[in-house]
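Coordinate analysis (summary)
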Amino acid sequence: MRLKSFLVLLIAISSLSCESGKSNNTGEGDVFVNPIVANSSDRDLDAIKEEGVLRALVVYSNTSYFLYRGQAMGFEYELLTRLADHLNLKLEIVVSNNLDNQFEVLNRGDVDIIAHGMTITNQRKWEVDFTEYLYLTRQVLVQKKPDNYRKLSYKSLKKQLVKNPIELINDTVSVRKNSAYYERLLSLANEIGGNIIIDTLESTLSTGEIIDMVVDGKIKYTIADENLAKINASYSPILDIDVPISLSQRIAWVTRKKSKKLRTEVDKWILSQRKKKSYNIIYNKYFKNKRSFKRRLKSNYYSLNNNQISRYDNLIKTYANKLGWDWRLLASQVYQESHFDPGANSWAGAEGLMQVMPATAEALGIEDVSDPEQSIRGGTTYLKQIYKRFDQIPDSLNRIKFTMASYNCGYGHVLDAQRLAEANGLDPTLWEDNVEDALLDLRLPKNYNKPIIKYGYVRGSEPVNYIEQIFERYYQYTQLIKPE
């Protein structure tokens, strides 16, 4: 009888295994194959290096990736720029618009790495791999104190708050469904032997936004990593974050299971970074520096607050419209020139928001280069004059790049680069990999001494980097700032 029961059980287990996944016959028994991993992209470090681009999926949040005073910032953003430099790759940031499908986006090959602090769990390891951990933290309950909490004694205040996770039995906690917080609540309910009602929130919400919902009274409780909870509570002291929900947990980035070479390289890099003082400085900047966090949240030029880049947005929009350019592109150029400082001046004598040279200012009728309106008006007038000269360039984006390069190093040098490009069999109407390469070559005597070159030597790396940085920042602006 026992043998019969064992055989029935064995058949049942075998049947379940067949239904839950495919298997490979190896001659030594069946090996389970995860269909998600099997069908995922094969792209690994070799292919990434061949293309020269590292694509990273990030979350738009108040600690990970955001725009402040025209500059991209964030813990993940700063680390990613260092990683890309280490790998000698161009960094391409992709902002996640659905936090529930990040693994799908990764496994499909749309990105190479998820640079979003994720809790390492066994359940998630079934689909993806984790890098070495970036830091340790624990999950805490985020709840709101009574509005009159400042008038209450410590004892009276504690009576009105949850002090132990057991008190959450039959109460509601709001989190995203495909989050480590959701997993932890399920485990917690089992541990305390009671039901916790889990209210699932939209997948587009960041943890910081969900914490704000507690502050605003839209939800009663949520769960957050303690470092995120602490930095947010520093701005909203009405929050209580004293109740731990988990033990210490490792927070890491995520790679595909097939991207073993990439993961190995990233792991070595993270281990080396964690030993450096600069790594701790970056971590403290976003998770411990309460003063800077408060300053950003109060600023009008913080992208999570307003659709603004700088205090000069209205001026930039007005004159960008006259140019026929996206105002965010012109804003990126203004930032490149002066970091939005109207008092900025260079060693060469250029001044103001648009860093106009004295002779150019006089020709354009600019009386005060430190005046924002005059500087932007004069700078865009000059850009328009240059733009008209490149009427032989059919593509408008290339034409803008030629215009900006001329603004930076001089129209004559760009003409020289076009002539050199054509002489070298390149296309004089294309910027990337054509005229920009010729500009770089004009630093060499064998090139700038050629009869076709009329304006001589130019440090070509300056206009090339100028264009690259303006358009990289413009791409960031288009991700985080709406056109209107």
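Residues numbered from 1 in each chain as written. Predicted model: local features only at pLDDT ≥ 70, side-chain atom pairs only at ≥ 80, totals over all residues. Heavy atoms only, no water.

**Here's the deal with the overall build of the protein chain**
Scanning the protein chain from terminus to terminus reveals 22 helices and 15 strands. By principal-axis analysis of the C-alpha atoms, the protein chain measures approximately 100 × 75 × 40 Å. Expressed as a percentage of contacts within the protein chain between residues at least 6 apart in sequence, the contacts between residues at least 24 apart total 69%. As presented, the protein chain carries roughly 24,500 Å² of accessible surface, and 48% of it is formed by carbon and sulfur atoms. The centroid of the 65 positive side-chain charges in the protein chain is displaced by 7 Å from the centroid of its 59 negative side-chain charges. (Helix = DSSP H or I, 4+ residues; strand = E, 2+ residues; numbered from the N terminus. Contact = heavy atoms within 4.5 Å. Areas by Shrake-Rupley, 256 points an atom, 1.4 Å probe, with all protein chains shown as cover. Lys, Arg positive; Asp, Glu negative; His and termini not counted. Charge placed at Lys NZ, Arg CZ, Asp CG, Glu CD.)

**Observations regarding helix H9 (residues 207–215)**
Of all nine residues in H9, seven are buried, a share of seventy percent or more. Buried residues of H9: Thr207, Gly208, Ile210, Ile211, Met213, Val214 and Val215, and no others. Of the residues one or two after H9, Gly217 is the one with positive phi, at around 80°. (Buried < 20%, exposed > 50% of the residue type's maximum accessible area, 1.4 Å probe, protein only.)

**Here's the deal with the packing of helix H10 (residues 226–235) against helix H13 (residues 290–298)**
Packing of H10 against H13 leaves a shortest axis separation of 9 Å and a crossing angle of 65°. Crossing of H10 over H13 shows right-handed handedness. Side by side, H10 and H13 meet where Ile231, Asn232, Ser234 and Tyr235 of the first sit next to Lys290, Phe293, Lys294, Leu297 and Lys298 of the second. In terms of residue class, the contact of H10 with H13 is built from four nonpolar, two polar and three charged. (Axes fitted to C-alpha atoms, helices over the stretch in contact; angles between N-to-C directions. Left-handed = near helix turned anticlockwise from the far one by under 90°. Nonpolar A, V, L, I, M, F, W, Y, C, P; charged D, E, K, R; others polar.)

**Description of the sheet that holds strand S14 (residues 239–244)**
If you trace the three strands from one edge of the open sheet to the other, you get S13-S10-S14, paired in antiparallel fashion. Of all strands in the sheet, those bounded by a partner on one side alone are strand S13 (221–225) and S14. The mean angle between the axes of side-by-side strands here comes to 35°, regardless of whether they run parallel or antiparallel. Sheet topology note: the strand S10 (residues 139–144)/S13 ladder contains five bridges and is antiparallel. Bridging across to S13, Leu141 finds its partner in Ile223. Seen against the sheet, helix H8 (residues 180–192) touches S10 and S13 and runs at an angle of roughly 115° to S13. Each of S10, S13 and S14 touches H10; the most contacted strand, S13, lies at about 110° to it. (Pairing = 2+ DSSP bridges.)

**Let's talk about the pairing of S13**
Consecutive side chains of a regular strand alternate in pointing toward one face of the sheet and then the other. Burial of S13 is extensive: five of the five residues sit out of reach of the surface. The side-chain alternation of S13 yields two buried faces, one formed by Tyr221, Ile223 and Asp225 and the other by Thr222 and Ala224.

**Things to note about a negative patch on the surface**
Taken together, the side chains of Glu432, Asp433, Glu468 and Glu472 present a region of like negative charge at the surface. For the negative patch, the elements supplying multiple residues, two or more each, are helix H20 (431–441) and helix H22 (461–480). Of note, Asp433 is situated in helix H20. Its relative accessible area of 48% is what places Asp433 among the partly exposed residues. (Patch = residues over 30% accessible without salt bridge, like charges linked within 9 Å, V, L, I, M, F, W, Y side chains within 5 Å. Salt bridge = Lys/Arg side-chain N within 4 Å of Asp/Glu carboxyl O.)

**Observations regarding the packing of aromatic side chains**
Tallying each qualifying case throughout the model produces 18 aromatic pairs. Plain terms: the ring middles of Phe66 and Tyr302 are 5.4 Å apart, the flat faces sit at 75° to each other, and that makes the pair edge-to-face. Of this pair, Phe66 sits in strand S4 (residues 66–68) while Tyr302 sits in the loop between H13 and helix H14 (313–323), placing them 236 residues apart in sequence. Like Phe66, the residue Tyr302 is buried in the burial classification. When the centroid spacing of 6.5 Å and the interplanar angle of 70° are considered together, the rings of Trp325 and Tyr387 count as edge-to-face. In this pair, Trp325 sits in the loop between H14 and helix H15 (327–338) while Tyr387 sits in helix H17 (residues 372–389), placing the two residues 62 residues apart along the sequence. Exposure remark for Trp325: the relative accessible area of 8% places this residue in the buried category. (Phe/Tyr/Trp six-rings, centres within 6.5 Å; stacked < 30°, edge-to-face > 60°.)

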